[in-house]
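Examining the three-dimensional arrangement
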Amino acid sequence: MSISAEMVRDLREKTGAGMMDCKKALTETNGDMEKAIDILRQKGLASAAKKSGRSASEGLIGSYIHMDKIGVMVEINCETDFVARTDDFRELVKDVAMHIAAANPSYVSREEVPQNVIEREKDIYRAQVTNKPAAVVEKILEGKLDKFFADMCLLEQVFVKDPEGKKKVKDLVTEKIAKLGENIVVRRFARFQLGEGIAKTESCEG
């Protein structure tokens, strides 16, 4: 079938890919929009992986305050000041800051988790699965650690604004890398909650 300019434009708006890439994907899939999106996503993710080793020293520090009770600051880096000023990048910084406020991660990535913390978690899990073969125990430990990382690490958490509850924060970042064409790195964050760490005292009379 012939691929119309309107179809190409529609696909470009949905994916952020270039016109020629969109036309090629539609041609390959005989005009099937959903399959074309899949092709572009696969190519985008592949190209994003290639960019992951590139230096990212520009970017933004974003902040988010929720109900005057929770405050977040996050630094997200990209390669150029040009990309840092785009609406897409600013939207990413805002979304990640809001996610941190809601999900309260402890680390950016699983690589940041100290080894002693991982070993402590493993000890707890081992105590829960006694009288099982060693190979089975290791498999269980692996699954429980993945769950721990998914709970505690920002990039492993499911993005709070994803309506399907499937997209992780790292997937959100990867999509922006594919769309903007630069390496993007969530470098660090700080989250403050009013009154945390302060022991509440009860007043007593007499």
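See above for the structure.
Regarding the overall build of the chain
Per the secondary structure count, the chain includes eight helices and three strands. Shown N-terminal to C-terminal, the secondary structure of the chain runs as helices and strands in the order α-α-α-β-β-α-α-α-α-α-β. Relative to its length of 206 residues, the chain is extended, with a C-alpha radius of gyration of 22 Å against a globular reference of 17 Å. Its C-alpha atoms give the chain principal-axis dimensions of about 85 × 50 × 30 Å. Counting every position in the chain, which comprises 206 residues, the buried fraction comes to 35%. A total accessible area of about 13,200 Å² is found for the chain, and carbon and sulfur atoms account for 51% of it. In the chain, 34 positive and 35 negative side-chain charges are present, and the distance between their average locations comes to 3 Å.

Re the environment of Gly165
Assignment of secondary structure puts Gly165 in the loop between helix H7 (134–152) and helix H8 (169–180). Spatially, the C-alpha atom of Gly165 lies 29 Å from that of Arg85, the residues being 80 residues apart in sequence.

Some points on the side chain of Asn77
By secondary structure assignment, the location of Asn77 is in strand E2 (residues 70–78). Accessibility expressed as a relative area gives 7% for Asn77, which makes it buried. Of the polar contacts made by the side chain of Asn77, one reaches the backbone oxygen of Glu58; its length is 3.2 Å. With near-sequence residues (within four places) excluded, Asn77 lies in contact with Ala56, Glu58, Gly59, Phe89, Asn183, Ile184, Val185 and Arg187.

Comments concerning the environment of Ser109
As for its position among the elements, Ser109 is in the loop between helix H5 (87–103) and helix H6 (115–128). In this structure Ser109 touches Cys153 and Leu155, once residues within four positions along its chain are discounted.

Quick look at the sheet that holds strand E3 (residues 185–193)
Strands sit in the order E1-E2-E3 across an open sheet of three strands; the sheet is antiparallel. Lying at the two open borders of the sheet, with one neighbouring strand each, are strand E1 (58–66) and E3. Here the average twist between neighbouring strands, direction ignored, is 10°. In the sheet, E2 pairs with E3 via eight bridges, with the strands oriented antiparallel. Of the residues in E3, the one forming a bridge with Glu75 is Arg188. Across the face of the sheet, H5 comes into contact with E1, E2 and E3 while running at roughly 140° to E2.

Some thoughts on the pattern of salt bridges
Across all of its chains, the model carries 14 salt bridges by this definition. Its salt-bridge partner being Lys170, residue Glu156 comes within 3.5 Å of it at the nearest N-O pair. Here Lys170 lies in helix H8 and Glu156 lies in the loop between H7 and H8, a separation of 14 residues in the sequence.

A short note on the packing of H5 against H8
Contact geometry of H5 with H8 gives a least axis separation of 11 Å together with a crossing angle of 175°. Judged by the angle between their axes, H5 and H8 are roughly antiparallel. Here Asp88, Phe89, Glu91, Leu92, Asp95, Val96 and His99 of H5 lie close against H8, whose contacting residues are Val169, Leu172, Val173, Lys176, Lys179 and Leu180. Its residues assigned to classes, the contact of H5 with H8 comprises seven nonpolar, one polar and five charged.

Points about the nonpolar core
In terms of nonpolar packing, the biggest core is built from 25 residues, with Val74, Ile76, Phe89, Val96, Ile184 and Val186 touching the most fellow members. Listed by contribution, the elements that provide at least two residues to this core are E2, helix H4 (81–84), H5 and H8. A total of seven residues in this core trace back to one element, the largest contributor, which is H5. In this view, Phe89 contacts Gly59, Leu60, Ile76, Asn77, Cys78, Val83, Ala84, Leu180 and Ile184; residues no more than four positions away in its chain are not counted.

What counts and what doesn't
Along each chain, residues carry numbers from 1 onward, in the same order as the chain's sequence is written. The predicted nature of this model means local features are confined to residues of pLDDT at least 70 and side-chain atom pairs, given and counted, to a pLDDT of 80 or more, with totals for whole chains, interfaces and linings taken over all residues. Neither water nor hydrogens contribute to the side-chain values; these are computed over all heavy atoms in the structure. Strands are runs of DSSP state E lasting at least two residues, helices are runs of H or I lasting at least four, and both sets are numbered from the N terminus onward. Radius of gyration here is computed from C-alpha atoms only, and the compact-globule reference equals 2.2 Å multiplied by the residue count raised to the power 0.38. Note on exposure labels: buried denotes an accessible area under 20% of the residue type's maximum, exposed denotes more than 50%, and partly exposed covers the range between, all computed with a 1.4 Å probe on protein chains only. Accessible areas in this description were obtained via Shrake-Rupley with a 1.4 Å probe; residue shielding takes into account the shown protein chains only. In this tally Asp and Glu are treated as negative and Lys and Arg as positive; neither His nor the chain ends contributes. All charge positions are set by atom: Lys at NZ, Arg at CZ, Asp at CG, Glu at CD. Pairs of N or O atoms are called polar contacts if they sit within 3.5 Å, as long as, within protein, a hydrogen donor faces a hydrogen acceptor (for residues adjacent in sequence, only side-chain-to-side-chain pairs). Whether two residues touch is decided by their heavy atoms; if any such pair falls within 4.5 Å, the residues are in contact. Two strands qualify as a pair provided DSSP detects at least 2 bridges between them. The axes are straight lines fitted to the C-alpha atoms, using for helices just the contacting stretch, and the angles between their N-to-C directions are given from 0 to 180°. By salt bridge we mean one thing: a side-chain nitrogen of Lys or Arg within 4 Å of a carboxyl oxygen of Asp or Glu. For classification, angles of less than 35 degrees are called roughly parallel, those exceeding 145 degrees roughly antiparallel, those between 65 and 115 degrees roughly perpendicular, and all remaining angles oblique. Each residue gets one label: Ala, Val, Leu, Ile, Met, Phe, Trp, Tyr, Cys and Pro are nonpolar, Asp, Glu, Lys and Arg are charged, and the others, such as Gly, are polar. As used in this record, nonpolar core signifies buried Ala, Val, Leu, Ile, Met, Phe, Trp, Tyr and Cys residues forming a set joined through side-chain atoms within 4.5 Å.

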